[in-house]
Amino acid sequence: KKKKQQPPPEDTTPYLDDFGKKQIQQVIGTLLFYACTVDPTLLMAINVIAAKQTSPTEKMAKALTHLLNYCATFPNVVVRYKASGMVLHIHSDALYMSAEEAHGRACGHFI
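Being a predicted model, the structure only gives us computed values, none of them experimental. (Residues numbered from 1 in each chain as written. Predicted model: local features only at pLDDT ≥ 70, side-chain atom pairs only at ≥ 80, totals over all residues. Heavy atoms only, no water.)

Novice: Which parts of the structure should I look at to understand the overall build of the protein chain?
Specialist: Scanning the protein chain from terminus to terminus reveals 3 helices and 2 strands. Along the protein chain, helices and strands appear, N-terminal first, in the series α-α-α-β-β. The buried share of the protein chain, taken over its 111 residues, is 19%. Put simply, the protein chain shows about 8700 Å² of open surface, and 59% of that area lies on carbon and sulfur atoms. (Helix = DSSP H or I, 4+ residues; strand = E, 2+ residues; numbered from the N terminus. Buried < 20%, exposed > 50% of the residue type's maximum accessible area, 1.4 Å probe, protein only. Areas by Shrake-Rupley, 256 points an atom, 1.4 Å probe, with all protein chains shown as cover.)

Novice: Please explain the packing of helix H2 (residues 43-50) against helix H3 (residues 58-73) as it appears in this structure.
Specialist: A pair of packed helices is characterised by two quantities: the angle between their axes and the separation of those axes. It is the contact of H2 with H3, at a shortest axis distance of 10 Å, that shows an interaxial angle of 160 degrees. Compared by their axis directions, H2 and H3 come out roughly antiparallel. Handedness of the crossing formed by H2 with H3: left-handed. For the pair H2 and H3, contact is made by Ala-45, Ile-46 and Ile-49 and by Met-60, Ala-63, Leu-64 and Leu-67, respectively. Of the residues that constitute the contact of H2 with H3, the class distribution is 7 nonpolar, no polar and no charged. (Axes fitted to C-alpha atoms, helices over the stretch in contact; angles between N-to-C directions. Parallel < 35°, antiparallel > 145°, perpendicular 65-115°, else oblique. Left-handed = near helix turned anticlockwise from the far one by under 90°. Contact = heavy atoms within 4.5 Å. Nonpolar A, V, L, I, M, F, W, Y, C, P; charged D, E, K, R; others polar.)

Novice: I'm lost on the side chain of Asp-39 in this one. Help?
Specialist: Here Asp-39 is to be found in the loop between helix H1 (18-37) and H2. A polar contact of 2.4 Å, which involves the side chain of Asp-39, links it to the side chain of Thr-41. What Asp-39 contacts, discounting residues up to four positions off in sequence, is Tyr-34, Val-77 and Val-79. (Polar contact = N/O pair within 3.5 Å; in protein donor to acceptor, adjacent residues only side chain to side chain.)

Novice: Help me out: how do you make sense of H1 in this one?
Specialist: Between its first and last C-alpha atoms H1 spans 29 Å; for 20 residues at 1.5 Å apiece the expected length is 28 Å, and the two agree. On its buried face, H1 sits against H2 and H3. (Expected span 1.5 Å × (residues − 1).)

Novice: Honestly, the packing of aromatic side chains in this entry has me stumped. Any pointers?
Specialist: Remark: the centre distance and the inter-plane angle together describe each pair of aromatic rings, the angle taken between the planes. Evaluation of the coordinates by the stated rule reveals 1 aromatic pair. A ring pair is formed by Tyr-70 and Phe-74, whose centres lie 5.1 Å apart and whose planes are at 50 degrees; its orientation type is tilted. Using a relative accessible area of 45% as the deciding quantity, one classes Phe-74 as partly exposed. (Phe/Tyr/Trp six-rings, centres within 6.5 Å; stacked < 30°, edge-to-face > 60°.)

Novice: Before we go on, may I ask you to explain the environment of Ser-55 in this structure?
Specialist: Among the secondary structure elements, Ser-55 is positioned in the loop between H2 and H3. Separated by 37 residues in the primary sequence, Ser-55 and Asp-18 place their C-alpha atoms 9.6 Å from one another.

Novice: Where do I start with the environment of Asp-11 in this structure?
Specialist: Note that Asp-11 resides in the segment before H1. Separated by 46 residues in sequence, Asp-11 and Thr-57 place their C-alpha atoms 7.8 Å apart. Only 2.7 Å separates the side chain of Asp-11 from the side chain of Thr-13, close enough to count as a polar contact. A polar contact of 2.3 Å, which involves the side chain of Asp-11, links it to the side chain of Thr-57.

Remember that the coordinates give geometry; whether it matters functionally is a separate question.
Put into structure tokens, the structure is as follows:
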């Protein structure tokens, strides 16, 4: 029998109030700018959190706090781009049914 992939369980934690929602959106915007300019490895995590920013829950706030703790733990991230003799190195990640109400996600970058 083949195993059928199931989405993760639905988030049943309480929704945040309007102030909490605004804070989540501001932090996501700041992290998105940081990820696009300094550390593109954060983009997948930001994408997962940002997908739920219109109706954020306490679980999502904990995930965002976890991401902020990661950023605080590794504040001096350096991404170096060097000539590689025209060899393209690719990192790619794709998921199917990784989040409720999602059909799939893809993320990647190339150097």
